[in-house]
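Chain residues, written in single-letter form:
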Amino acid sequence: MANMQDKKDTAGQAVRLPRHIAIIMDGNGRWATKRGLPRTAGHKAGAETFRRIATYCKDIGVKYLTVYAFSTENWKRSTEEVGAIMGLLKRYLLEAVDSMERDHIRLRFFGDMTPIAPELRALAHATDEISDHLPEGYFQANVCLNYGGRDEILRGVRQFAADCAAGKRRPEELDEAMFSGYLDSRGIPDPELIIRPSGELRLSNFLLWQCAYSEFYFTDVLWPDFDAAELDRAIAAYQARDRRFGGVKK
Ligand code: IPE
Ligand code: IPE
Ligand code: MG
């Protein structure tokens, strides 16, 4: 979309592009089933959509894209399906190691990586190290893997409690900004816009702390069919919202 950042609203105020967009990449299974394909084919198509949408976000000037790839609850699925998802992630990371420097993409992971297979964890570590050496101003994709909003909060609380026990922190100094620093998203602004495709109207444990004042956009489109035009619609919907943050519009 051309000149999205330059758009003006009726009062002549610049309508801002979200700096941070978060997406629950849902509907892969239904997309495949509708076509008589195995669910894993839906995940493959969904991975392609992720590549396209990440590139598009980077091109239009979004700074952060956070995607929900695998939740703490998704282990309930068959070993075949879980294995296929992990295989696709591995393939993406292998590609990323070679291309992120050239494509100016930083890559981070949100979630508890401890139960993730060592090979995949090593690749995530490699992309993390490359990201450390890339300029902060580059576009950044955050992939939520074995991520749950409640789990993220619990891990943060545990670390804060440990820091208190070690004498590094005092309970009474904890405020929202300090607590944000204990989360996987530390240093990253909260998402202005959260998108969920596939017609489901819930968060499914996504970014529970960070979503306090996010705008939500729901669409029936299934994730593998999600395209740039749909993202433009979501951004346009966001730009038409009146964000008051509890105040009163003057
Ligand atoms: C999202 O698609 C991908 C993951 C949760 C890993 P789904 O696999 O949940 O697709 P549906 O919701 O069954 O259609
Ligand atoms: C949320 O989708 C998790 C991801 C997209 C990775 P789910 O398909 O797991 O969520 P529910 O089960 O419909 O709530
Ligand atoms: Mg689903």
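This structure is a prediction, so every number in the text was calculated from the model and none was measured.

1. Details of the overall build of the protein chain
Point 1. What the protein chain contains, in helices and strands, is 7 helices and 6 strands.
Point 2. Reading the protein chain from its N end, one meets helices and strands in the order β-α-α-β-α-β-α-β-α-α-β-β-α.
Point 3. A compact globule built from 250 residues should have a C-alpha radius of gyration of about 18 Å, and the protein chain, at 19 Å, falls within 12% of that.
Point 4. Split into buried and exposed, the 250 residues of the protein chain put 47% on the buried side.

2. Considering the sheet that holds strand β4 (residues 139-147)
Hydrogen bonding along the main chain pairs the strands of a sheet, whether they run parallel or antiparallel.
Point 1. The strand order β3-β4-β2-β1-β5-β6 describes an open sheet built from 6 strands, whose pairing is parallel. Two strands bound the open sheet, and with one partner strand each, they are β3 (105-110) and β6 (215-218). On average, each strand axis in the sheet is tilted by 20 degrees relative to the strand beside it, whichever way the strands run.
Point 2. Sitting on the sheet, helix α2 (residues 39-60) is in contact with β1 (20-24), β2 (64-71), β3 and β4, with an inclination near 145 degrees to β4.

3. Notes on the site of ligand 1
Point 1. Taken together, 13 residues are adjacent to ligand 1, and D26, G29, R30, R39 and R77 come closest.
Point 2. Between ligand 1 and N28 there is a distance of 3.1 Å, counted from an oxygen atom to a backbone nitrogen or oxygen.
Point 3. Here R39 contributes a side-chain N or O atom positioned 2.9 Å from an oxygen atom of ligand 1.
Point 4. Elements with a contribution of two residues or more to the shell around ligand 1: α1 (28-34), α2 and α3 (79-103).

4. Describing the site of ligand 2
Point 1. In the neighbourhood of ligand 2, the contacting residues comprise I24, M25, D26, Y68, A69, F70, N74, R77, R196, R202 and S204.
Point 2. Here an oxygen atom of ligand 2 and a side-chain polar atom of N74 are 2.9 Å apart.
Point 3. Here an oxygen atom of ligand 2 and a side-chain polar atom of R202 are 2.8 Å apart.
Point 4. Burial of ligand 2 by the protein amounts to 79% of the accessible area it has alone, namely 390 Å².
Point 5. Considering each element in turn, the shell around ligand 2 owes the most residues, 3 residues, to β2.
Point 6. The residue inventory of the shell around ligand 2, partitioned by class, reads 5 nonpolar, 2 polar and 4 charged.

5. Section: empty space enclosed by the protein
Point 1. Taken as a whole and judged by the stated rule, the model has 1 cavity of 30 Å³ or more.
Point 2. Put simply, the largest cavity is a space of about 30 Å³.
Point 3. In terms of lining, the largest cavity is formed by I24, I194, I195, R196, R202, L203, F216, Y217 and F218.
Point 4. Broken down by secondary-structure element, the contributors of at least two residues to the lining of the largest cavity are β5 (193-196) and β6.
Point 5. Residue classes in the lining of the largest cavity are distributed as 7 nonpolar, no polar and 2 charged.

6. With respect to the nonpolar core
Point 1. I23, F50, L65, L145, I195 and L231 are the most contacted members of the largest nonpolar core, which totals 45 residues.
Point 2. If you tally residues by element for this core, the top one is α3, at 8 residues.
Point 3. In contact with L65, other than residues within four places in its own chain, are I21, I23, F50, A54, C57, F139, Q140, A141 and N142.
Point 4. Counting 12 residues, the second largest nonpolar core, distinct from the first, contains I188, I194, L207 and C211.

7. Observations concerning helix α5 (residues 149-165)
Point 1. Relative to the 24 Å expected for 17 residues at 1.5 Å per residue, α5 spans 24 Å between its end C-alpha atoms, a close match to the ideal helical length.
Point 2. For α5, the complete set of buried residues consists of G149, E152, G156, F160 and D163. One face of α5 carries all of its buried residues, which in axial projection span an arc of 70 degrees. Those residues of α5 that are exposed and aimed more than 90 degrees away from the buried face are R150, R158 and A165.
Point 3. Each element contacted by the buried residues of α5 is listed here: β4 and α6 (176-180).
Point 4. Just downstream of α5, G167 is the residue with a positive phi angle, here 80 degrees.

8. Examining the environment of E101
Point 1. Relative to the elements of secondary structure, E101 occurs in helix α3.
Point 2. For the pair E101 and A228, spaced 127 residues apart in sequence, the C-alpha separation works out to 24 Å.

Thresholds, definitions, all that
- Residues numbered from 1 in each chain as written.
- Chains lettered and ligands numbered in written order.
- Predicted model: local features only at pLDDT ≥ 70, side-chain atom pairs only at ≥ 80, totals over all residues.
- Heavy atoms only, no water.
- Helix = DSSP H or I, 4+ residues; strand = E, 2+ residues; numbered from the N terminus.
- Rg over C-alpha atoms; globule rule 2.2 N^0.38 Å.
- Buried < 20%, exposed > 50% of the residue type's maximum accessible area, 1.4 Å probe, protein only.
- Pairing = 2+ DSSP bridges.
- Axes fitted to C-alpha atoms, helices over the stretch in contact; angles between N-to-C directions.
- Contact = heavy atoms within 4.5 Å.
- Near = heavy atom within 4 Å.
- Polar contact = N/O pair within 3.5 Å; in protein donor to acceptor, adjacent residues only side chain to side chain.
- Areas by Shrake-Rupley, 256 points an atom, 1.4 Å probe, with all protein chains shown as cover.
- Nonpolar A, V, L, I, M, F, W, Y, C, P; charged D, E, K, R; others polar.
- 1 Å grid on protein atoms, 1.4 Å probe; cavity = no way out; pocket = protein on both sides within 12 Å on 5 of 7 lines; lining within 4 Å.
- Points joined across faces, edges and corners; volume = space filled by probe spheres on them.
- Core = buried A, V, L, I, M, F, W, Y, C linked by side-chain atoms within 4.5 Å.
- Expected span 1.5 Å × (residues − 1).
- Arc of directions from axis to C-beta.

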